[in-house]
2 protein chains.
Amino acid sequence: MKPRILLTLSSLALLFSSGVAVADPVAPPSPLPENSWSVPVAPGGPFARVYLPQNAPVGSDTVYGDSQWLQMNRNARHNAAVRVPKDAPAWFREGVFWRYAEARAWPLERRHPFGARTLGETEAGAVQTQFYGNALGVSVVGGVVYAESDDMFAYALNARTGQLIWRTSPVGNNLMGNPLVTRNTVYLAAGGVGFNFANVVAYAKKGSAIRGMDVSYNGIYALDRRTGRLLWHKGSVGEAMPTPVIHGRFLYFATGSGTVHALDRHTGQSVWKVRLGGNDNMSSPAYDKGRLYLAMASPPRLYCLDARTGKTLWHGTIPGAANTGMGDVSPAVGSGVVVMDTVTRPKRIHGRPTLEAVVRAFDARTGKTLWTVSTGRGPKPPAFKGGVPLIHGDVVYVGSPVTGRYVALDLRTGHRRWAWHKVAATRSAPTYYEGSLYIAGGDSLYRLDPATGRETGSFRIGGRMGIVSPTIVGGTAYVANSYDWIVAVPLSALSLSKKKAS
Amino acid sequence: MKPRILLTLSSLALLFSSGVAVADPVAPPSPLPENSWSVPVAPGGPFARVYLPQNAPVGSDTVYGDSQWLQMNRNARHNAAVRVPKDAPAWFREGVFWRYAEARAWPLERRHPFGARTLGETEAGAVQTQFYGNALGVSVVGGVVYAESDDMFAYALNARTGQLIWRTSPVGNNLMGNPLVTRNTVYLAAGGVGFNFANVVAYAKKGSAIRGMDVSYNGIYALDRRTGRLLWHKGSVGEAMPTPVIHGRFLYFATGSGTVHALDRHTGQSVWKVRLGGNDNMSSPAYDKGRLYLAMASPPRLYCLDARTGKTLWHGTIPGAANTGMGDVSPAVGSGVVVMDTVTRPKRIHGRPTLEAVVRAFDARTGKTLWTVSTGRGPKPPAFKGGVPLIHGDVVYVGSPVTGRYVALDLRTGHRRWAWHKVAATRSAPTYYEGSLYIAGGDSLYRLDPATGRETGSFRIGGRMGIVSPTIVGGTAYVANSYDWIVAVPLSALSLSKKKAS
């Protein structure tokens, strides 16, 4: 049907309805309720929320595993693992296998990231992580996998089947975090990575600039956990890329303007904010015992704040810290120790830029340095430039994208126990689960013996990992990668290949 | 149906198919053909191409108006208007009215752009133009409206009904141009506006940086005109935001790396490229008589290149040119004259940044300056900082976002004939059609007497205009705006309100 639309002026008012597709001269669509359009997402369009309640888990599928997810990688130690009891349904214990292609998915079997011909292999991998993929891992709560992707969508999938429960894209911006989940709400942080021209000029003059300002829409988005419906959003001037942290009534997040915000997590109202200076790029705050720990780049500093007031209790640094490294990494906190990693001392060697990665442990109470360990010099990595540490027991496990090496360090002394070198981009925290260490690196999921660093199994997922810690719930590792896929792999699938890959 | 997925290792290979949603243990989806996934867009997902052949125009609806669209605003003079003959179907002559909400549409009746509370009204308007809306106007060819939006989609709509024919988002990036259309192909240029941190540091050291590098996927995308299917894409290192230009077998485009590329438009193969330096932000090349005219920012220069070889024939500047202005504006070329506009000489007045807008005419053959006219000083505009000129007959019509004023200048002398001051952000070229001048500004479409600048009619569209020249085909003006809407308005709807708006 192609209605011929010849208009008189008198008919224009009628036609000029709030129709979202074509204004129909016969029956203009009724105006949309105000709150259905509180962000620029055309109802019925590709960014409109999809909700498929029939795919939600039911009954016992919802009662095992975590009931909330309050900070990046689940806790301040960055260990994204939860056991399930013996009476959990068999699929929880034995594990499931599925894969889900997000909106900008790139085939897992492709060996080269999109754009490799134009940007080069290394850079294209980093760009793909930032513009299509899942920068971090997923959150798994009550039988649902929650994921954020730089395809600009957030997803809720059934953890058992991989089926989509909801998908939403409340604003046109990168979503790089690990969704936070409380009783009824999912929280997302949104922020683009760029600087605009005015900011570039400002940086040249003053040595500082606000990351993400006027390059994107930034801030916090609170969604109904069941349906993905937007409840409220709170804008910020600088990007809000790192995963926020929740404690009690408060949600804390840091931005590319060097500001730390505390919001009432029920209403989005501001409780306090402090301007520390610099940029927080991807340094998610860690909450521990009334304190927030996070880092900024330029100037490079690790901060300890009183979570109630935002007052700086202490700040420290790693000597020679360079580039964005200090603002990239989220510190791990455990047993009274804060562990931080960054790149330091840029130097050209044979004409190529290199950096040295350094791990430092601070006393969580006083900020006093406990030890400092270099994990070696190597080529300058693109984009995210650190290794997110995991603290488990009396050991720190941390990778280095500079050397492509994971190391185990004694938490008290920094003494190195072992090193494992197999994948190139080693930026994510490992996950410790039932006597094994799991690492998502390269295109695979690896299992190591945490005492020796010996590899005890691997599984090729395909694609490429970002800063992805495997999220382990019972018998399944859930991984989201920079090819824009969410994959569930049963731990029993990890096998020790007879022929070692070179 | 929720299949319980318990796996043995032997069944994993079977399951690990190229399924795009959930891997189904019973019948894995068949692998997708390679070329259906040549960019990261998951088949079946929200970015997948939509094609509705039943909405395409047929018969006489396709044979009037233009049969191709080869440069921004249709020609080197920037006049986006085409008459239709008396035997064209009545709807062509009498005009149609419809509106189409693109993917990130914001309700037209809203007075404030999204994010105004966080960013302020002025900045939020500019950001919305860059991240959701249509930066430029639309191309209309053979009864179809082609549009690019920063919602990352390109659209083809039936020009008569406003119904969607196809929608595609071949890559996650801003689409800010005016689609080019030849016999079988639609060309898009993609580029993000930002700088990454390494680029910021480089600019601080060297005074130059590549815009869009590693902040987004950049380049040219060639689509099947009928279906929107991707034919090929060609990446570029800097952003490729401005509309390219086609002449004969060649497609020319300029980038944020200061490079001008000539491609074979059938294959995407490179023919030549030259590095001029600086950034092209939004200065679309104008093609005229074997030459390309375009401008770069930092350093600010207008270039005349031999289209066959890329050799610089001459370059000129506007004294005091500042910020991104010179690289924003596309020069108009006609009657042997190149007209260029930019902002100059930043100065703080009462603590607020101001700029002066200056128009200069160059001899197209030699680059010799013919005249230079200041159109006045005013507050520094956000983002795009110039007025795109229109040449019609012996007059230049150009707006200034600095003063909010459109002026008519004599093409030979620069002598000012009139000025019209009604809307604040006056950045787009007017359109001249059958003895009237049409301007898309503020939330409205205006008609002026080109001889006197007297307003002879207006129509409130709603939303906010970017750098949008109305595209006029017969009795209809087609406008796309920064609220992410495409609107068709019959010229007969423009009326002279009795009460002038203040």
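If you check an unreviewed UniProt entry, chain A appears there as Putative outer membrane protein from Leptospirillum ferrodiazotrophum.

> For the relation of the copies chain A and chain B, give the residues involved together with the corresponding values.
Related by rotation about an axis and a shift along that axis, the two copies of the chain form a pair. Each copy superposes on the other: chain A lies on chain B with an RMSD of 0.0 Å after a rotation of 180° and an axial shift of 0.0 Å. Between the two chains, the operation in question is that of a two-fold axis. Relative to the rotation axis, the closest C-alpha in chain A is found at A:A204, a distance of 2.0 Å. When the interface residues of chain A are mapped onto chain B, 99% of them again fall at the interface, so both copies present the same face.

> I'd like to hear about the packing of aromatic side chains, residue by residue, with values.
Here the structure, examined in full by the defined rule, presents 47 aromatic pairs over all chains. For the pair A:W91 and A:F92, a centre-to-centre distance of 4.0 Å together with 25° between the ring planes defines the contact as stacked. In this structure, A:W91 and A:F92 share a single accessibility class: buried. Their ring planes at 55° and their centres at 6.2 Å tell us that A:Y187 and A:W232 sit as a pair that is tilted. Of this pair, A:Y187 sits in strand β9 (residues 185-190) while A:W232 sits in strand β11 (residues 230-235), and the two are 45 residues apart along the sequence. The pair A:Y187 / A:W232 is uniform in exposure class, with both members buried. Residue placement shows A:R99 over the ring face of A:W485; its charged tip is 5.0 Å from the ring centre. One cation-aromatic arrangement involves B:R110 over B:W106; the distance from NZ or CZ to the ring centre is 4.6 Å.

> Could you give an account of the pattern of salt bridges, naming the residues involved and the relevant values?
What the rule picks out here adds up to 26 salt bridges over all chains. B:R460 is paired through a salt bridge with B:D443; the nearest N and O atoms lie 2.9 Å apart. With B:R460 in strand β31 (residues 455-460) and B:D443 in the loop between β29 (436-441) and β30 (444-448), this residue pair connects regions lying 17 residues apart in the sequence. A residue is classified by how much of its surface remains accessible, and B:R460, at 46% relative accessible area, is partly exposed. Connected through salt bridges with shared partners, the residues A:R345, A:E356 and A:R377 form a single ionic network.

> Give me the packing of helix α5 (residues 197-206) of chain A against helix α5 (residues 197-206) of chain B: which residues, what numbers.
Packing of α5(A) against α5(B) leaves a shortest axis separation of 8 Å and a crossing angle of 50°. Accordingly, the angle class assigned to the pair α5(A) and α5(B) is oblique. Crossing of α5(A) against α5(B): the hand is right-handed. Contacts from A:F197, A:V200, A:V201, A:Y203 and A:A204 of α5(A) reach α5(B) at B:F197, B:V200, B:V201, B:Y203 and B:A204. Counted by class, the contact of α5(A) with α5(B) contains 10 nonpolar, no polar and no charged residues.

> Lay out the sheet that holds strand β27 (residues 416-420) of chain B in plain terms, naming residues and giving numbers.
Residues and elements named next belong to chain B. Spatial strand order, β24-β25-β26-β27: 4 strands in an open sheet with antiparallel pairing. Two strands close off the open sheet at either side, each with one partner strand: β24 (390-392) and β27. Sheet twist, expressed as the mean angle between neighbouring strand axes with direction ignored, is 20°. When β24 meets strand β25 (residues 395-400), the two strands line up antiparallel, connected through 3 bridges. By the bridge assignment for β25, I391 is matched with V396.

Each value, and the rule that gives it
Residues numbered from 1 in each chain as written. Chains lettered and ligands numbered in written order. Predicted model: local features only at pLDDT ≥ 70, side-chain atom pairs only at ≥ 80, totals over all residues. Heavy atoms only, no water. Least-squares fit on C-alpha atoms with pLDDT ≥ 70 in both. Contact = heavy atoms within 4.5 Å. Phe/Tyr/Trp six-rings, centres within 6.5 Å; stacked < 30°, edge-to-face > 60°. Buried < 20%, exposed > 50% of the residue type's maximum accessible area, 1.4 Å probe, protein only. Helix = DSSP H or I, 4+ residues; strand = E, 2+ residues; numbered from the N terminus. Lys NZ or Arg CZ within 6 Å of the ring centre and 35° of its normal. Salt bridge = Lys/Arg side-chain N within 4 Å of Asp/Glu carboxyl O. Axes fitted to C-alpha atoms, helices over the stretch in contact; angles between N-to-C directions. Parallel < 35°, antiparallel > 145°, perpendicular 65-115°, else oblique. Left-handed = near helix turned anticlockwise from the far one by under 90°. Nonpolar A, V, L, I, M, F, W, Y, C, P; charged D, E, K, R; others polar. Pairing = 2+ DSSP bridges.

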